[in-house]
Amino acid sequence: AKFMEPTGVCTDAAGNIYVADSYNHLIRKITPSGLVSTVAGTGVRGRENGPSTEASFDTPFGVMVDQSGSVFVADAGNHQIRKISPEGIVSVYAGSSIGRAGAENGIGGTERFTLPESMVFDELGNMYMADTENHSIRKISPGIEVTTFSGYLGVKGDAEGQGSVARYEKPVAIARDPRNGDFYVADYINNKVRRISANGLMTTYAGTGERSSINGPRLTAAFDHPTGLTIDNKGNVYVSDDNNLIRRISAVTGLVSTIAGDGNQGNNDGLRWKASFYQPIGLAFDLIGNLYVADEHNHRIRKITLGGGFSIDKLLPEGLTFDPTNGEISGTPTQYWPETLYTITAYNEFGEGSAEVTISVVDPALTFPPLVAKKQCDPDFDSGATAFVPIAYTFSNPLVASYINGKIHIINAGTTIITASNGYESKSQTLIVSPSEVLTINISSSQKDPLCFGTNITFTANVSANAEPGASYEWYVNEEKSGQTGSTFTGNSFKDGDLVYCKVTGGGSCYFEASKQSNKLATDILDANICNAIIPTAFS
């Protein structure tokens, strides 16, 4: 999935994340499984209401979900608060129906906003909204009556006080602590985090006004244009600022600390204090305490896992695993590993500490038994070597044999020294490969003298001893197969001068030639007239 300048995020009770995809003019949803879909918007800038697939927005900046599942959008470019019902219908919740900017309280569409960017509900259904370019915090009742809760409409400044006495300069984000009803505001230009009590008294909660990123006690700490803000269930306030940092103001100690980001522009993931952002803005927690960040110029939604843990700086040998929850390395290594120095870091919200450990994996158990002599055309075979880790092979004479697909493959006759190595030690054995055997065949005939037609003649194939057992035979007469397949061939229909020979294929051994043809023998058959003359005739 892709986003373009996402600015606002919120979560619902089901674990879904909603995103104000600002420059795509869309409201997106990310399911717990990571599936991204469009909730509303066409992707074209506009202010059309109606079904979510036909409605349009203009640079939506903030987003939130109420308990009924309705999604509310700070549609900054249209100077409106929009509502997306659970049925997917988009309407104007508050603000000018024609998208007109202004600074007016009212009801029924007479109210005006200028670049609203963030909002939050209280338990009674009242919405409190950061009306950024009007430099004030507005309140929208369930009856859609709009009033100014804190600040003076359209007047910027830097002052604490009750109600309209307070002054802001571009408040961009607002969050509420449900435990006591206090509100927290990111006062962008003033570089401060403000707190507004439930009765409307605004004070500076953190920041001196200096544009910097100084940690420490909240009233001496400094922020660099705070852009986003949220609060966890313990009252800790989290702030994103222009220095590409995510900061935390502890509800217990009052200390400001950096919980994510190295202060550089970038998009590196990893340990949160080594990660980098590029203009982080919207912040939101899910129900299990993960913090999500709308990382605007990286066009990403980032996830920060808070709390303590452990990290390791290098890859471990195969078979070993590192548990980031307790720092434990466990398992059985399955490969040789040279001596390697590892740094294991333990971290929590207060800092980090490191320790070093050296790991090596040795394998003294390499075995390589002597090799049995082979013949040139023997099949590929296992070396017989064993080791704890994978074995590598080298050959002194690669023209004799090689290692292919986990087997030793014979190439030619000769001698080669094979060395097996597991990376820790090596052992060698000699392989002797003898040439392939020579297959021979010679045939003989039972015929000693000329014979008459019809007399049995037997031919016998005499083959080299290595051809048996398992040799196969094929007899031919005048280049034609006779159909006889034994080591002997007997027939009585030979004609004078028939040429008889046999082809043999050896069995059980290997040869230079798998098949061999025998010598050829000619039959000597007497003329029928001669045979008739010498055959006695009985007279009566």
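So, how was this worked out
Residues numbered from 1 in each chain as written. Predicted model: local features only at pLDDT ≥ 70, side-chain atom pairs only at ≥ 80, totals over all residues. Heavy atoms only, no water. Helix = DSSP H or I, 4+ residues; strand = E, 2+ residues; numbered from the N terminus. Rg over C-alpha atoms; globule rule 2.2 N^0.38 Å. Buried < 20%, exposed > 50% of the residue type's maximum accessible area, 1.4 Å probe, protein only. Contact = heavy atoms within 4.5 Å. Areas by Shrake-Rupley, 256 points an atom, 1.4 Å probe, with all protein chains shown as cover. Pairing = 2+ DSSP bridges. Axes fitted to C-alpha atoms, helices over the stretch in contact; angles between N-to-C directions. Polar contact = N/O pair within 3.5 Å; in protein donor to acceptor, adjacent residues only side chain to side chain. Salt bridge = Lys/Arg side-chain N within 4 Å of Asp/Glu carboxyl O. Domains from an automatic or database assignment. Disulfide = S-S within 2.5 Å. Phe/Tyr/Trp six-rings, centres within 6.5 Å; stacked < 30°, edge-to-face > 60°. Lys NZ or Arg CZ within 6 Å of the ring centre and 35° of its normal.

Draft legend 1. Main features of the overall build of the protein chain. Counting its secondary structure elements, the protein chain contains one helix and 46 strands. By the compact-globule yardstick of 24 Å for 540 residues, the protein chain is too spread out, its C-alpha radius of gyration being 46 Å. With the C-alpha coordinates of the protein chain rotated into their principal frame, the extents come out at 155 × 60 × 30 Å. Counting all 540 residues of the protein chain, 47% fall into the buried class. For the protein chain, long-range pairs separated by at least 24 residues make up 45% of all intrachain contacts whose partners lie at least 6 apart in sequence. A total accessible area of about 25300 Å² is found for the protein chain, and carbon and sulfur atoms account for 51% of it.

Draft legend 2. Local environment of the sheet that holds strand 25 (residues 280-285). What the three strands build is an open sheet, ordered 25-26-27; its pairing is antiparallel. Because the sheet does not close on itself, it has two edges, and the strands there are strand 25 and strand 27 (300-304). Strand after strand, the sheet turns through a mean of 25° between neighbouring axes, direction not considered. Both strand 26 (residues 291-295) and strand 27 contribute to a ladder of five bridges, which runs antiparallel. Note on strand 27: the bridge partner recorded for D295 is R300.

Draft legend 3. Broad picture of the sheet that holds strand 2 (residues 17-21). Strands sit in the order 1-2-3-4 across an open sheet of four strands; the sheet is antiparallel. Bordering the open sheet on either side are strand 1 (6-11) and strand 4 (36-40), each of which pairs with just one other strand. With direction set aside, neighbouring strand axes in the sheet form an average angle of 30°.

Draft legend 4. Summary view of the side chain of D224. Note that D224 resides in the loop between strand 20 (216-217) and strand 21 (226-231). Since its relative accessible area comes to 11%, D224 is described here as buried. Reaching out from D224, the side chain makes a polar contact with the side chain of R211 at a distance of 2.5 Å. Ignoring anything within four residues of it in the chain, the contact list for D224 reads N191, R211, S212, S213, D241, D242 and N243.

Draft legend 5. Representation of the side chain of R138 in the model. Locating R138 in the fold gives a position in strand 13 (residues 136-140). Looking at R138, the relative accessible area reads 0%, which means it is buried. A polar contact is formed between the side chain of R138 and the backbone oxygen of E104, at a distance of 2.7 Å. Here R112 takes part through its backbone oxygen, which lies 3.0 Å from a polar atom of the side chain of R138.

Draft legend 6. Representation of the pattern of salt bridges. Scanning the model with the defined rule gives 18 salt bridges in all. The salt bridge partner of D58 is R45, with a shortest N-O separation of 2.9 Å. With D58 in the loop between strand 5 (50-51) and strand 6 (60-65) and R45 in the loop between strand 4 and strand 5, this pair connects stretches of sequence that are 13 residues apart. Under the relative-accessibility criterion, D58 is labelled buried at 13%. For R45, a relative accessible area of 55% puts it in the exposed group.

Draft legend 7. Region of interest: the domain arrangement of the protein chain. Taken domain by domain, the protein chain comprises domain 1 (1-155), domain 2 (310-361), domain 3 (374-434) and domain 4 (441-526). On a C-alpha basis, the centres of domain 3 and domain 4 stand 42 Å from each other.

Draft legend 8. The arrangement of the pairing of strand 39 (residues 441-445) in detail. On strand 39, burial follows the alternation: I441, I443 and S445 on one face are buried, whereas N442 and S444 on the facing-out side are not. Relative to strand 40 (residues 457-463), strand 39 runs antiparallel, the two sharing five bridges. Residue pairing in the sheet places I443 in a bridge with A461 of strand 40.

Draft legend 9. Inspection of the state of the cysteines at higher detail. Summed over all chains, the structure comprises one disulfide. The residue that forms a disulfide with C452 is C531, at a sulfur-sulfur distance of 2.0 Å. Judged by the sign of its S-S torsion, about -105°, the cystine formed by C452 and C531 is left-handed. Of the two residues, C452 is situated in the loop between strand 39 and strand 40 and C531 in helix 1 (residues 528-534); the sequence distance between them amounts to 79 residues.

Draft legend 10. Here's a closer look at the environment of V63. Structurally, the position occupied by V63 is in strand 6. Judged by relative accessible area, which is 7%, V63 ranks as buried. Counting along the chain gives 192 residues from V63 to L255, while the straight-line C-alpha distance between them is 29 Å.

Draft legend 11. Structural context of the packing of aromatic side chains. Inspection of the entire model under this criterion finds 14 aromatic pairs. Relative to F285, the ring of Y238 lies with its centre 4.9 Å away and its plane at 75°, an arrangement referred to as edge-to-face. Pair noted here: Y238 is in strand 22 (residues 237-241) and F285 is in strand 25, with a separation of 47 residues, a long-range link. You'll find Y238 and F285 in the same group, each marked buried. A centroid spacing of 6.3 Å and a plane angle of 75° characterise the contact between F368 and Y393, whose relative ring orientation is edge-to-face. Taken together, the residues F368 in the loop between strand 32 (351-361) and strand 33 (374-375) and Y393 in strand 34 (residues 392-395) connect sequence positions 25 residues apart. Accessibility expressed as a relative area gives 6% for F368, which makes it buried. For Y393, a relative accessible area of 15% translates into the label buried. Members of the aromatic cluster, joined through ring pairs, are F459, W475, F489 and F494. Positioned above the aromatic ring of Y342, the side-chain terminus of K314 is 6.0 Å from the ring centre. Above the ring of F381, the side-chain terminus of K374 is found at 4.5 Å from the ring centroid.

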